[in-house]
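Here's the letter readout for the chains.
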Amino acid sequence: MIRASLAEIAAMIPGAETDARHAGVTVNGVGRDSREELAGRLFVPLAGERFDGHDFAGEAQRRGAAATLWQRGRGEPPEGLPAVFVDDTLLALQQLAAAWRRRLGVRVIGVTGSCGKTSTKDMIHAALSSMYRTHKTAGNLNNHIGLPLTILDMAEDAEFAVLEMGMSVAGEIAALSAIAAPDAAVITNIGEAHLQQLGSREAIARAKFEITAGLKEDGALIYNGDEPLLERLVGEEAGRLSGAKIRFGLGRDNDYVPADVAVSLDGCRFSARGPGGVAIRNLFVPLPGRHNALNAMAAVAVARLYGVPEDRIRDGLAGMKPAGMRSETLRAASGAILLNDAYNASPTAVKAALSLLRELPCRGRKIAVLGDMLELGEAGERLHREIGAGLDPAGIDYVLTYGELAAYIAEECLPRFGNGRAEAFRDKEALAKRLERLAGPDDMVLFKASRGMRLEDVIRALL
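We now turn to the structure provided with this report. (Residues numbered from 1 in each chain as written. Predicted model: local features only at pLDDT ≥ 70, side-chain atom pairs only at ≥ 80, totals over all residues. Heavy atoms only, no water.)

**Remarks on the overall build of the chain**
Filter applied, for reference: Only DSSP runs of H or I covering at least 4 residues are called helices, and only runs of E covering at least 2 are called strands; the numbering of each starts at the N terminus. For every residue, the accessible area obtained with a 1.4 Å probe (protein chains only) is divided by the maximum for its type, and the residue is called buried under 20%, exposed over 50%, and partly exposed between those limits. Only heavy atoms enter the contact rule, under which two residues are in contact if any of them lie within 4.5 Å.
Looking only at helices and strands, the chain has 16 helices and 22 strands in total. Projected onto its principal axes, the C-alpha coordinates of the chain cover approximately 75 × 55 × 40 Å. For the chain, the residues scored as buried account for 56% of the 463 residues in total. Counting contacts in the chain only where the partners sit at least 6 residues apart, residues at least 24 apart contribute 66% of the total.

What follows is the structure in structure tokens.
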């Protein structure tokens, strides 16, 4: 993590100042939550719509903060708490992170995409960690606050950092890329998430492609070669992007293609066909689903780009630690298998999860619990109906939905599934009780919805 004096920190932030008496005070790391242990750290008070972190600086001091950033015009910092004065604490946090990133000798891999970016980030980290000291985004701290905090938490001797970059509106990823200055950039796919904000898949593609804004001049771009929108953008920016272009996907003309994919509850076994047809065989990731074999191609491509040998890639991927609520396998009190994939959802991700449910072996019945996919704008009803229209009662026995939009899924299913096998719920308690009655010890239940639907509340009721 960052270790620097207040004089050094002030020098890294344009326009920042600190009292000469405190110039030699040294901080070890940063923190923004006054409820957490802050011993020796630099407290960064951020102002939101409903709170102002400056109001909690006293608590941060009691928690051991060694100093604070302090926005001019917000009164005075607590007595005895050294401060670096700035015009905007959020901007200062970002500028400090950008300066710290450039001071270190670390190589940065940026990862974005409509879905699968967290799992892909974890796979890249696992593959690189088999050979290098590698830092990564914790969870999905991938926004304008989380990414700077991730960089500032990085050890000085880190050789690689794998940084996830998320977005809600156009321009956000460009700003994150400028801070991170990636040596290589990965784009997993282009889906329909954020249609509400951006209006079209083309606009989404351009927003994701912003990850190349801060890409080093000779930086590599690893992207999904099955996506025509990305191919078009690569062509448009060919003059600016002089580094390697590495394509992964299902199409045989890609540089990295998954093969011999076998899916089980434990994970996914596969091979990777690389450039020149050379294969890396007997790969495994502890995440079930064919889509995870595809995401792993990006990890293999990054690892090979930086010289990781085949055996270490194999060991690294097999030992990865998946993030929570991503194809997580749990057991209900009834004995039913629960597939918790409820961290987030888009049409692309829901289709992949349903494909996994159909493919996994199960002695009993297969039940899909689907919640609203959010941020789809005017296309919301149509995209939910398309999910329902694509469900086949021959492969999935029951479809239970939660939420206003997901009700359209059940409505589309009803003519084929019949009453009792396709049901819509607006109340989580009622949904949980239905599942308690329905799901027996041999059954398998998939949970998939956008994060805002909090389907994990239903899962907890079943455990």
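After that view of the structure, there is still more to cover.
**Some thoughts on the packing of aromatic side chains**
Cut-off, in case you're wondering: The criterion for an aromatic pair is that two Phe, Tyr or Trp rings (for Trp, the six-membered ring) have centres within 6.5 Å, with stacked assigned to planes under 30 degrees apart, edge-to-face to planes over 60 apart and tilted to the rest. Remark: a charge is flagged as sitting over a ring if the NZ atom of Lys or the CZ atom of Arg is within 6 Å of the ring centre and within 35 degrees of the ring normal.
Under the definition given, this model contains two aromatic pairs. Taking the centre distance of 4.9 Å and the plane angle of 70° together, the rings of Phe160 and Tyr306 count as edge-to-face. Of this pair, Phe160 sits in strand E10 (residues 160-164) while Tyr306 is found in the loop between helix H10 (290-305) and helix H11 (310-318), placing the two residues 146 residues apart along the sequence. The class for Phe160 is buried, based on a relative accessible area of 0%. These aromatic residues form a ring-pair network of at least three members: Tyr132, Phe160 and Tyr306. Here the guanidinium or amino end of Arg107 rests over the ring plane of Tyr132, the centre of that ring lying 5.8 Å away.

**Some points on the sheet that holds strand E6 (residues 67-71)**
Here is the rule: In this description, strands pair whenever DSSP reports at least two bridges between them. Only the contacting stretch of a helix is used when fitting its axis, a line to C-alpha atoms as for every element, and angles between N-to-C directions run 0 to 180 degrees.
The sheet built from five strands is open, its strands ordered E2-E7-E6-E5-E4 with mixed pairing. Looking at the sheet topology across the chains shown, the edges are occupied by strand E2 (17-18) and strand E4 (30-31). Its contacts with the sheet put helix H3 (residues 89-103) on strand E5 (42-43), E6 and strand E7 (83-86), and the angle it makes with E6 is roughly 125°.

**Looking at the nonpolar core**
In a soluble, globular protein the nonpolar side chains are often hidden away together inside. Put simply, the rule is: As used in this record, nonpolar core signifies buried Ala, Val, Leu, Ile, Met, Phe, Trp, Tyr and Cys residues forming a set joined through side-chain atoms within 4.5 Å.
Of all hydrophobic cores here, the largest spans 126 residues; its most connected members are Ile9, Ile109, Leu128 and Ile222. Of the residues forming this core, the biggest block, ten residues, is contributed by H10. Apart from residues no more than four positions distant in its own chain, Ile222 is found in contact with Ala184, Ala185, Val186, Ile187, Ile246, Phe248, Ala298, Ala301, Val302 and Leu305.

**Observations regarding the side chain of Asn295**
If you trace the backbone, Asn295 turns up in helix H10. Of the residues examined, Asn295 reaches a relative accessible area of 5% and is grouped as buried.

**Focus: the sheet that holds strand E9 (residues 134-136)**
Taking strand neighbours across the sheet as the criterion, the six strands line up as E9-E10-E8-E11-E12-E13 in an open arrangement whose pairing is parallel. Bordering the open sheet on either side are E9 and strand E13 (245-248), each of which pairs with just one other strand. Recorded for the sheet is a direction-independent mean angle of 15° between the axes of neighbouring strands. Running at roughly 175° to E10, helix H4 (residues 117-129) makes contact with strand E8 (107-112), E9, E10 and strand E11 (184-187) of the sheet. Set on the sheet, helix H9 (residues 228-236) makes contact with E11, strand E12 (220-224) and E13; between it and E12 the angle comes to about 155°.

**Notes on the pattern of salt bridges**
Going by this rule: Any carboxyl oxygen of Asp or Glu that lies within 4 Å of a side-chain nitrogen of Lys or Arg is treated as forming a salt bridge with it.
This structure, assessed with the given rule, holds 36 salt bridges. As a salt-bridge pair, Arg454 and Glu456 come within 3.6 Å of each other at their nearest N and O atoms. In this structure, a network of salt bridges that share partners links the residues Glu202, Arg206, Arg232 and Glu236.

**A closer look at the pairing of strand E17 (residues 328-331)**
Within a regular strand, side chains alternate between the sheet's two faces. In the sheet, E17 pairs with strand E18 (residues 337-340) via four bridges, with the strands oriented antiparallel. When the bridges of E18 are listed, Leu330 appears paired with Leu338. Hairpin connection of E17 to E18: five residues between the antiparallel strands, including Gly335 at a positive phi of 100°.

**A short note on helix H15 (residues 428-438)**
Cut-off, in case you're wondering: Arc, as used here, means the arc of the directions from the helix axis to the C-beta atoms. Between N or O atoms, a polar contact is any pair within 3.5 Å; within protein, one atom must be a potential hydrogen donor and the other a potential acceptor, and residues adjacent in sequence are included only when both atoms are from side chains.
Residues of H15 that are buried: Leu431, Ala432, Arg434, Leu435 and Leu438. Buried residues along H15 cover an arc of 160° about the axis, so they all sit on one side. Across from the buried face of H15, at angles greater than 90 degrees, the exposed residues are Glu429 and Arg437. Elements that come into contact with the buried residues of H15 comprise strand E19 (366-371), strand E20 (398-402), strand E21 (422-425), strand E22 (444-448) and helix H16 (456-462). Between a side-chain oxygen at the N-terminus of H15 and the backbone nitrogen of Glu429 the separation is 3.1 Å; the capping residue is Asp427.

**What to know about the pairing of strand E14 (residues 257-264)**
Summarising the sheet, E14 and strand E15 (residues 267-273) pair through six bridges and their orientation is antiparallel. Note on E15: the bridge partner recorded for Pro258 is Ala272. Counting the residues between successive antiparallel strands, the hairpin from E14 to E15 contains two residues.

**A few points about the packing of H3 against helix H6 (residues 172-180)**
Applicable threshold: Just so you know how the angles are binned, under 35 degrees is roughly parallel, over 145 roughly antiparallel, 65 to 115 roughly perpendicular, and the rest oblique. Any residue outside Ala, Val, Leu, Ile, Met, Phe, Trp, Tyr, Cys, Pro, Asp, Glu, Lys and Arg is labelled polar, Gly included; the first ten of those are nonpolar and the last four are charged.
Where H3 meets H6, the axes come as close as 7 Å, and the angle between the chain directions of the two elements is 45°. Here H3 is positioned oblique relative to H6, judged by the angle of their axes. Contacts from Gln94, Ala97, Ala98, Arg101 and Arg102 in H3 reach Ala178, Ile179 and Ala180 in H6. Of the residues contributing to the contact of H3 with H6, the split by class is five nonpolar, one polar and two charged.

**Here's the deal with H4**
Test applied: Expected helix span is taken as 1.5 Å per residue step, with the number of steps being one fewer than the number of residues.
Compared with the 18 Å implied by 1.5 Å per residue over 13 residues, the 18 Å span of H4 between its first and last C-alpha is a close match. When you tally the buried positions in H4, you get twelve out of 13 residues, the bulk of the element.

**A few points about the side chain of Arg41**
The condition is simple: Charge convention: Lys and Arg are scored as positive, Asp and Glu as negative, and His as well as the terminal groups of each chain are ignored.
One can find Arg41 in the loop between E4 and E5. Although buried, Arg41 forms no salt bridge, and the nearest oppositely charged side chain, Asp153, lies 4.3 Å from it. Beyond its immediate stretch of four places on either side in the chain, Arg41 contacts Met1, Val27, Asn28, Gly29, Val30, Gly31, Gly64, Ala65, Ala66, Ala67 and Asp153.

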